[in-house]
Amino acid sequence: MTMEAIAPETDASPDTGMATMSMIEAINDALDLALAQDSSVMIFGQDVGYFGGVFRATEGLQKKHGKTRVFDAPITEAGIVGVAVGMGCYGKRPVVEIQFADYIYPAADQIISEAARMRYRTCGEWWSPLTIRSPYGGGIYGGQTHSQSPEGIFTHVAGLTTVIPSNPYDAKGLLLAAIASDDPVLFFEPKRLYHGPFDGHHDKPVEPWARYPESQVPTASYTIPLGKARVAREGEAVTILAYGTMVHVALAAARETGIDAEVIDLRTLMPLDLETIVQSVTKTGRCVIVHEATRTCGYGAELAALVQQHCFFALEAPIERVTGWDTPYPHAFEWEYFPGPARVAQTLQRIVEV
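Counting restarts for each chain: residues are numbered from 1 in the order of the written sequence. Local features are withheld for residues below a pLDDT of 70 in this predicted model, meaning they are given only at 70 or higher, and side-chain atom pairs are given and counted only at 80 or more; totals for whole chains, interfaces and linings count all residues. In computing side-chain properties, one takes all heavy atoms of the structure into account and sets aside hydrogens as well as water.

1. Regarding helix H3 (residues 77–89)
In this model, H3 (13 residues) spans 19 Å end to end at C-alpha, consistent with the 18 Å of a helix rising 1.5 Å per residue. Only protein chains enter the calculation, and the probe is 1.4 Å; a residue is then buried if its accessible area is under 20% of its type maximum, exposed if over 50%, and partly exposed in between. A helix here means a DSSP run of H or I that spans at least four residues, while a strand means a run of E at least two residues long, and both kinds are numbered starting from the N terminus. Listing the buried residues of H3 in full gives Glu77, Ile80, Val81, Ala84, Val85, Gly88 and Cys89. One side of H3 carries all its buried residues, which in axial view fall inside an arc of 170 degrees. A contact between two residues is defined here by any heavy atoms of the two lying within 4.5 Å. Buried residues belonging to H3 abut strand S2 (41–45), strand S4 (93–97), helix H4 (108–115), helix H5 (118–121) and strand S5 (131–136). Within two residues after H3, Gly91 carries a phi angle of roughly 95 degrees, on the positive side. Take the residue count of a helix, subtract one, and multiply by 1.5 Å to get its expected span. This arc describes the spread of directions from the helix axis toward the C-beta atoms.

2. Thoughts on helix H8 (residues 245–257)
Over its 13 residues, H8 extends 19 Å from the first C-alpha to the last, a length consistent with the 18 Å expected when each residue adds 1.5 Å. Most of H8 sits out of view: ten of its 13 residues are buried. Of the residues making up H8, those classed as buried are Thr245, Met246, Val247, His248, Val249, Ala250, Leu251, Ala252, Ala253 and Ala254. Along its buried surface, H8 packs onto strand S7 (185–190), strand S9 (230–233), strand S10 (238–242), strand S11 (261–265), strand S13 (287–294) and helix H12 (341–352). One or two residues past the end of H8 sits Gly258, with phi positive at roughly 75 degrees.

3. Overview of the packing of aromatic side chains
Here is the rule: rings of Phe, Tyr and Trp (six-membered ring for Trp) pair when centre to centre is within 6.5 Å. Planes less than 30 degrees apart are stacked, more than 60 are edge-to-face, and the remainder are tilted. Considering all chains together, one arrives at 14 aromatic pairs under this definition. Considering the side-chain rings of Phe100 and Tyr103, the 5.7 Å spacing of their centres and the 70 degrees angle between planes classify their relative orientation as edge-to-face. Put simply, the rings of Phe55, Phe100, Tyr103 and Tyr194 touch in pairs and so form one group of aromatic residues. Definition used: whenever NZ (Lys) or CZ (Arg) falls within 6 Å of the ring centre and also within 35 degrees of the ring normal, the charge is taken to sit over that ring. For the cation-ring pair, Arg56 lies above Phe51, with the distance from its terminal atom to the ring centre recorded as 4.0 Å.

4. Remarks on the pairing of S2
The buried count for S2 comes to five of five residues, which makes it a mostly enclosed element. Where burial is concerned, the two faces of S2 agree: the one with Val41, Ile43 and Gly45 and the one with Met42 and Phe44 are both buried. With five bridges connecting them, S2 and S4 associate as parallel partners. Residue pairing for S4: Val41 is matched across the bridge by Arg93. Paired strands, in this sense, are two strands between which DSSP finds at least two bridges. Pairing between S2 and strand S3 (residues 70–72): three bridges, direction parallel. Within the sheet, the bridge partner assigned to Phe44 lies in S3 and is Phe71.

5. With respect to the sheet that holds strand S6 (residues 161–163)
Pairing is mixed across the open sheet formed by seven strands, whose spatial order is S3-S2-S4-S5-S7-S6-S12. Edge positions in the open sheet fall to S3 and strand S12 (268–270), since each of these has one partner strand only. Sheet twist, expressed as the mean angle between neighbouring strand axes with direction ignored, is 20 degrees. Bridging between S5 and S7 involves six bridges; their strand directions are parallel. The partner of Tyr136 across the bridge, within S7, is Pro190. On the sheet, helix H7 (residues 168–180) packs against S2, S4, S5, S6, S7 and S12 and is oriented at approximately 160 degrees with respect to S7. Only the contacting stretch of a helix is used when fitting its axis, a line to C-alpha atoms as for every element, and angles between N-to-C directions run 0 to 180 degrees.

6. Overview of the pairing of S7
Counting buried residues in S7 gives six out of six residues, a clear majority hidden from the surface. Along S7, one buried face is formed by Val185, Phe187 and Glu189 and the opposite face, lined by Leu186, Phe188 and Pro190, is buried too. Where S6 meets S7, three bridges bridge the pair, whose relative direction is parallel. Across the sheet, Val163 pairs through a bridge with Phe187, a residue of S7. A crossover counts as right-handed when, viewed with the strands pointing away from the observer, the path leading from the first strand over the helix to the second turns clockwise. Between the parallel elements S6 and S7, the chain passes through H7 in a crossover that is right-handed.

7. A closer look at the environment of Val344
Within the secondary structure layout, Val344 lies in helix H12. Along the primary structure Val344 and Ala304 are separated by 40 residues, whereas in three dimensions their C-alpha atoms are 16 Å apart. Here Val344 is in contact with Val249, Ala253, Val290 and Val322, once residues within four sequence places are set aside.

8. Focus on the confidence of the model for the chain
pLDDT: the predictor's confidence for each residue, scored from 0 to 100. Scored by pLDDT, the chain has a mean of 92; 92% of the residues are at 70 or more. Scored below 50 in pLDDT, residues 1–15 makes 39 contacts in the model with residues more than four places away or belonging to other chains. Confidence drops under pLDDT 50 across residues 207–211; counting only partners more than four residues distant or on other chains, this segment forms twelve contacts.

9. Here we look at the sheet that holds S11
Spatial strand order, S9-S11-S10-S13-S14: five strands in an open sheet with mixed pairing. Of all the strands in the sheet, just S9 and strand S14 (320–324) have a single pairing partner and so form its edges. The average undirected angle you get between the axes of adjacent strands in this sheet is 25 degrees. Summarising the sheet, S13 and S14 pair through four bridges and their orientation is parallel. Note on S14: the bridge partner recorded for Ile289 is Arg321. In the packing of H12 onto the sheet, the strands contacted are S10, S13 and S14, and the crossing angle to S14 comes to about 170 degrees.

Here it is as structure tokens:
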């Protein structure tokens, strides 16, 4: 089968209007709705107010909702998250932006030691309903300080939810679900996908958004359950596990090789939809894992361990990983580092011949 499908479960009204949106527009729309629906929601971070964010994700929100709901913060990631943790404990639902995921490390102590453990350390008396948005990944010639993929660090931490959408439809529904959650959510946004579809290549023209079903987004509020993957493409020969930009790379590789690959868009890395993964790999007997982050101790290693544990007797070939290199993100060799369709295709062809 070659169907590329979107199959989320949502609470959107069946008669809701639809609009064609880019991912950045869908995120902006989700934030706008969250602010309008819940007075406890507030947005802050570097340049998110008057300027509307470096990628314009918050454009127009301060003018519409006021300077007490959408405002700028000093250049202190630890301070931004620390204040948000306190706000969450006192009934607010802060949505903070870390301008690039590369800059999230100064806030790691607040995220890991405070936000993630608040419910546990207080025996449920306090909790941290905060959402941390951040653009992540490469593909925009950002070099080593604007292209990192740190998701694996946070999936290691008990108490955190980690979400990465791959398309506008999911971005809106998942973000609204994250803001409604009573637990801290890391919401990493693949900036390579912000302003247009991506067919897996850096040197090919981009097709119009209207050709992608995922770009048709309900204008009303809806949520997609956290912890639920989607089957982006059905197939019988091999399962590809991917998230974010790599979903589109995986789809391109499957199209170009003609291999009957099933592509699973994980959407939420933690908690993980293990059931969907196991069903797919048990059916296909083969598994390829694709992510941008460095290979060693990357999130793909955890996926490989889980597939080995739960699908051992169904496997007909070794589990393969296609990832970034174990180096800082290079500027001059971005498209060699960036796992593209050619690298994924080579792995697919090798694994189906085993």
